[in-house]
Amino acid sequence: MRSVTYSMGVSLDGYIVGPDGGFDWTAPDAEVFRFWIDEIREVGVHLLGRRLYETMLYWETADQDPSLDDSMLEWAALWNPLPKVVFSTTLSAVQGHARLASGSLAEEIERLRAEPGDGDIAIGGATLAAEAAASDLIDEYRAVVHPVLVGGGIPFFPRRERRVDLELVETRTFSSKIVYLRYRVVR
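Scope of this entry: the structure provided in the associated data block. (Residues numbered from 1 in each chain as written. Predicted model: local features only at pLDDT ≥ 70, side-chain atom pairs only at ≥ 80, totals over all residues. Heavy atoms only, no water.)

Examining the sheet that holds strand E9 (residues 166–173)
Backbone-to-backbone hydrogen bonds join strands into a sheet, with any given pair of strands oriented parallel or antiparallel.
Then comes step 1: What the eight strands build is an open sheet, ordered E5-E4-E3-E6-E1-E7-E10-E9; its pairing is mixed. Strand pairing shows two members of the sheet lacking a second neighbour, strand E5 (98–100) and E9, which therefore form its edges. Averaged over all pairs of adjacent strands, the angle between strand axes in this sheet comes to 25°, irrespective of strand direction. (Pairing = 2+ DSSP bridges. Helix = DSSP H or I, 4+ residues; strand = E, 2+ residues; numbered from the N terminus. Axes fitted to C-alpha atoms, helices over the stretch in contact; angles between N-to-C directions.)

Right under this line is the structure:
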């Protein structure tokens, strides 16, 4: 069965964006960008909320930007054909290899798990991840922890009053002192 993963950059104090909505502190250096490229290779479908979808729209046409380096072109070549499911109550259409979700998050994940296919079901965005976590649908949490305290904003981890036991399965420290933590949910 395909795993459901939640992976994003996060500040040391637990936020994916700061109180002003900014996330410039997550800009990856070459080593971390290579990590993200390698990680997206393992994804079979990406579930996104509206905000993250709109942020990532740039990559749908980025291959036409002559200023991009080889690694950015490689990312775009992987991202563009990747199937994406967008959860939004305000969008009426999406672009590229994306489709608007037709069911609830739980229904979509159940359907995707039942389909033949390779790669993880990746969840992007804290709001969507919180909904998946509340329904116990996340199999792995993957945090790319940046050495910064932002003091508030949108939290990486959902604020639920439910204990979730985790098993550490991988760590990595980058030369930029960013730390990758991969945890599997203990069931």
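Here the narrative resumes.
Quick notes on the packing of helix H1 (residues 30–40) against helix H4 (residues 70–79)
Then comes step 1: Axis separation between H1 and H4 bottoms out at 10 Å; the angle between their running directions is 20°. Comparing their axes, H4 and H1 come out roughly parallel. The crossing of H1 and H4 is left-handed. When H1 is examined against H4, the residues Phe33, Arg34, Trp36, Ile37 and Ile40 are found in contact with a partner set consisting of Ser71, Met72, Glu74, Trp75, Leu78 and Trp79.
Then comes step 2: Partitioned by chemical class, the residues of the contact of H1 with H4 number eight nonpolar, one polar and two charged. (Parallel < 35°, antiparallel > 145°, perpendicular 65-115°, else oblique. Left-handed = near helix turned anticlockwise from the far one by under 90°. Contact = heavy atoms within 4.5 Å. Nonpolar A, V, L, I, M, F, W, Y, C, P; charged D, E, K, R; others polar.)

A closer look at H1
Note: α-helices contain 3.6 residues per turn, so residues at a spacing of three or four share the same orientation.
Then comes step 1: Every buried residue of H1 is accounted for by Val32, Phe33, Phe35, Trp36, Ile37, Glu39 and Ile40.
Then comes step 2: Residue Asp29 occupies the N-cap position of H1, its side-chain oxygen lying 3.3 Å from the main-chain nitrogen of Glu31. (Buried < 20%, exposed > 50% of the residue type's maximum accessible area, 1.4 Å probe, protein only. Polar contact = N/O pair within 3.5 Å; in protein donor to acceptor, adjacent residues only side chain to side chain.)

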